[in-house]
Amino acid sequence: MKRNYFDHKKIQLRVLAVLVFAFGIFASVPSWSQSKEKTLADIQKKNEAYKTIVSSCTQVKTMKGMKKNVTIQGTMYFVRENNQMKMQFTNHKASGKEKGSQLIINGDKVVQINGGARNVFNTKSDHNMKLLQQTLLFCIKGQVNEAAKVNKSEVNMKVTDKYYVFDIDVAKNTKGRWNHLEASYSKKDMSLCILKLEEKNGNTTTYNTLDKEFNGVISNDMFNY
């Protein structure tokens, strides 16, 4: 039985609709990619204007086998010119005693201080500490692609009401303690507000730096160790 003229027209219209739909799907992929890359470029450019940053800083740790998170409050200092960074925390114990801890990045040194214990690591010879140093500095400088590069990973982006959120799944063969990073940047000023590090053992460390002052004077003595 032969199809009439109207049947042929219907078939042609259906084929055209399918082609238009398929083209729309494929056309949307470059658009999303460009949107992500433009956002990354905007964040990096905006952060180049922040020569120094001082911010309140909250560190939240989750550990397997522990029901409660471990939360400590402190301050974060950053000087772009010298790649210097310091996070200083005070843990208020139930006994009323305070126990301080610090993480200092100064040049090729990463320093961890916990109470009276002090460990100094040379990033020229310690790969894990070099990865920590590079990841923290790249993230706070808004260089998300560089952070992903040193972790041998790609960057995925999602958008919330307040933040541009970037997921970095660390390659399995990459040395270091973590397997996933999540960096959230403020839509308002493009600064890093939340950095979550998920370790290979399932523990997580999240840094919240929400309340910032930009381009103030920070003494170089701040980074002594």
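Placed above this text is the structure.
Residues numbered from 1 in each chain as written. Predicted model: local features only at pLDDT ≥ 70, side-chain atom pairs only at ≥ 80, totals over all residues. Heavy atoms only, no water.

Draft legend 1. Representation of the packing of aromatic side chains. Per the stated rule, a full pass over the model turns up 2 aromatic pairs. Judged by centre distance (3.9 Å) and plane angle (15°), the ring pair of Tyr50 and Phe214 falls under stacked. Of the two residues, Tyr50 sits in the loop between α1 (5–47) and β1 (52–62) while Phe214 sits in strand β12 (residues 212–214), which places them 164 residues apart along the sequence. Lys187 extends its terminal NZ or CZ atom over the ring of Tyr164, reaching a point 5.9 Å from the ring centre. (Phe/Tyr/Trp six-rings, centres within 6.5 Å; stacked < 30°, edge-to-face > 60°. Helix = DSSP H or I, 4+ residues; strand = E, 2+ residues; numbered from the N terminus. Lys NZ or Arg CZ within 6 Å of the ring centre and 35° of its normal.)

Draft legend 2. Seen up close, the pattern of salt bridges. A full pass over the atoms with the stated rule returns 4 salt bridges. Among the ionic pairs, Lys38 bridges to Asp42, the shortest N-O distance being 2.9 Å. Taken together, the residues span about one helical turn, with Lys38 and Asp42 both in helix α1 at a distance of 4 residues. The exposed category is assigned to Lys38, whose relative accessible area is 54%. Residue Glu182 pairs with Lys158 through a salt bridge whose shortest N-O separation is 4.0 Å. Of the two residues, Glu182 sits in strand β9 (residues 178–186) while Lys158 sits in strand β7 (residues 155–159), which places them 24 residues apart along the sequence. A residue is classified by how much of its surface remains accessible, and Glu182, at 22% relative accessible area, is partly exposed. A relative accessible area of 40% means that Lys158 is categorised as partly exposed. Among the charged side chains, a salt-bridge network with shared partners connects Asp108, Lys109 and Lys124. (Salt bridge = Lys/Arg side-chain N within 4 Å of Asp/Glu carboxyl O. Buried < 20%, exposed > 50% of the residue type's maximum accessible area, 1.4 Å probe, protein only.)

Draft legend 3. Representation of the side chain of Lys141 within the structure. As for its position among the elements, Lys141 is in the loop between α2 (127–140) and α3 (144–150). Buried charge without a partner: Lys141 forms no salt bridge, and the closest opposite charge is Glu48, 9.1 Å away. (Lys, Arg positive; Asp, Glu negative; His and termini not counted.)

Draft legend 4. Local environment of unusual backbone geometry. With a phi angle near 50°, Asn83 is a residue other than glycine that sits in the positive phi range. In this structure, Asn83 sits in the loop between β2 (70–79) and β3 (84–92). The backbone of Asn215 shows a phi angle near 60°, a positive value even though the residue is not glycine. Relative to the helices and strands, Asn215 is located in the segment after β12. With a relative accessible area of 43%, Asn215 lands in the partly exposed category.

Draft legend 5. Summary view of the environment of Lys36. Inspection of the secondary structure puts Lys36 in helix α1. By relative accessible area, which is 15% here, Lys36 ends up buried. Through-space distance from the C-alpha of Lys36 to that of Met157 is 6.6 Å; in sequence the pair is 121 residues apart. The contacts of Lys36, once residues within four sequence positions are left out, are Val155 and Met157. (Contact = heavy atoms within 4.5 Å.)

Draft legend 6. Here's a closer look at the nonpolar core. Among the nonpolar cores identified, the biggest contains 40 residues, and Met76, Met85, Met87, Leu136, Phe166 and Tyr185 are the most heavily contacted of them. Per-element accounting of this core gives the leading share, 8 residues, to α2. When sequence neighbours within four positions are dropped, the list of residues in contact with Met87 reads Cys57, Thr75, Met76, Ser101, Gln102, Leu103, Leu136 and Tyr207. One finds Val79, Val111, Ile218 and Phe223 within the second-largest nonpolar core, a separate group that totals 7 residues. (Core = buried A, V, L, I, M, F, W, Y, C linked by side-chain atoms within 4.5 Å.)

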